[in-house]
Amino acid sequence: MLKKSFPILFALLSIIVFNTTALKAQTTTKDIYPEFYISPLAGVQFPVGSLNDTYKPSYNAGLDFAVRLNRETSFYLKVGYYNMTAKSDVMAPDASFIEITAGPRYIFTSPKLKAKLFLEAGLGAYIYKTKDYTIPGTPDVVLPGTSVANFGVNAGPGFILPLGKSIDLMIKSKIHCVFEKETSHMFISAVMGLNFTL
């Protein structure tokens, strides 16, 4: 009787040990770093200061790539497009900024909250592009578009709300400052998108 039940007990014990090990591996997966993320984002931008004299609020879109090194620290790379539509009462061409920046992201975590607040700051290149512009009243006079790259910085808060095992909702707002030879331009962006764990 004991000899017959031994294989059954051994099989049951093996199943229990296997399931316990698998469950433990699943519960500790979240604590394995680094973690990689990709986040498509879209929103609005608001020109500030001298940019506000020429351009009106418009849309922006971009893509974030991030690596999380531990519970609090991440680094991100952002490629973004900011549309700058000229005001109707201003004689100026439509323009845009293309952002390529990178920097640290500090995440404030709490076991009591699902949402995670974060602060991030970045620096890199901002490419300012203007479109071809026909001067009103002179259809034969067309100013060619221009493209110039400048150094810029940005910073701002945001938060991440988990939606599932590998997808989150991300919302953030930042102020951008683009430096030129004799001046600087500023605008504020607000974006929302999905944050996918790779």
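Below, the structure is looked at part by part.

### Re the side chain of N83
Working step 1: Note on placement: N83 falls in strand β4 (residues 73-86).
Working step 2: At 2.8 Å, the side chain of N83 forms a polar contact with the side chain of T85.

### A closer look at the packing of aromatic side chains
Working step 1: Tallying each qualifying case throughout the model produces 7 aromatic pairs.
Working step 2: Ring centres of Y82 and F187 lie 4.9 Å apart, and the angle between their planes is 55°; this geometry places the pair in the tilted category. With Y82 in strand β4 and F187 in strand β11 (residues 184-197), this residue pair connects regions lying 105 residues apart in the sequence. One exposure class covers both Y82 and F187, and it is buried.
Working step 3: Residue placement shows R105 over the ring face of F118; its charged tip is 5.0 Å from the ring centre.

### Describing the environment of L63
Working step 1: Mapping L63 onto the fold places it in strand β3 (residues 58-68).
Working step 2: For L63, a relative accessible area of 28% corresponds to the partly exposed category.
Working step 3: Spatially, the C-alpha atom of L63 lies 10.0 Å from that of N195, the residues being 132 residues apart in sequence.
Working step 4: Setting aside residues no more than four positions away along its own chain, L63 makes contact with I38, S39, P40, L77, K78 and V79.

### Some thoughts on the environment of T130
Working step 1: Position of T130 among the secondary structure elements: in strand β6 (residues 116-130).
Working step 2: Take T130: its relative accessible area is 15%, and that puts it in the buried class.
Working step 3: Taking C-alpha positions, T130 is 8.3 Å from P144, a pair spaced 14 residues apart along the chain.
Working step 4: When neighbours within four sequence positions are excluded, T130 is seen to be in contact with P93, D94, A95, G145 and T146.
Working step 5: One polar contact links T130 to T146, side chain to side chain, over a distance of 2.7 Å.

### What about the pairing of strand β9 (residues 147-162)?
Working step 1: One ladder, built from 14 bridges, connects β6 with β9; its direction is antiparallel. Residue pairing for β9: L119 is matched across the bridge by P157.
Working step 2: Pairing geometry for β9 and strand β10 (residues 167-179), over 9 bridges, is antiparallel. If you follow A155 over to β10, its bridge partner there is I175.
Working step 3: Connecting β9 to the next strand, β10, in antiparallel fashion are 4 residues.

Procedures and definitions
- Residues numbered from 1 in each chain as written.
- Predicted model: local features only at pLDDT ≥ 70, side-chain atom pairs only at ≥ 80, totals over all residues.
- Heavy atoms only, no water.
- Helix = DSSP H or I, 4+ residues; strand = E, 2+ residues; numbered from the N terminus.
- Polar contact = N/O pair within 3.5 Å; in protein donor to acceptor, adjacent residues only side chain to side chain.
- Phe/Tyr/Trp six-rings, centres within 6.5 Å; stacked < 30°, edge-to-face > 60°.
- Buried < 20%, exposed > 50% of the residue type's maximum accessible area, 1.4 Å probe, protein only.
- Lys NZ or Arg CZ within 6 Å of the ring centre and 35° of its normal.
- Contact = heavy atoms within 4.5 Å.
- Pairing = 2+ DSSP bridges.

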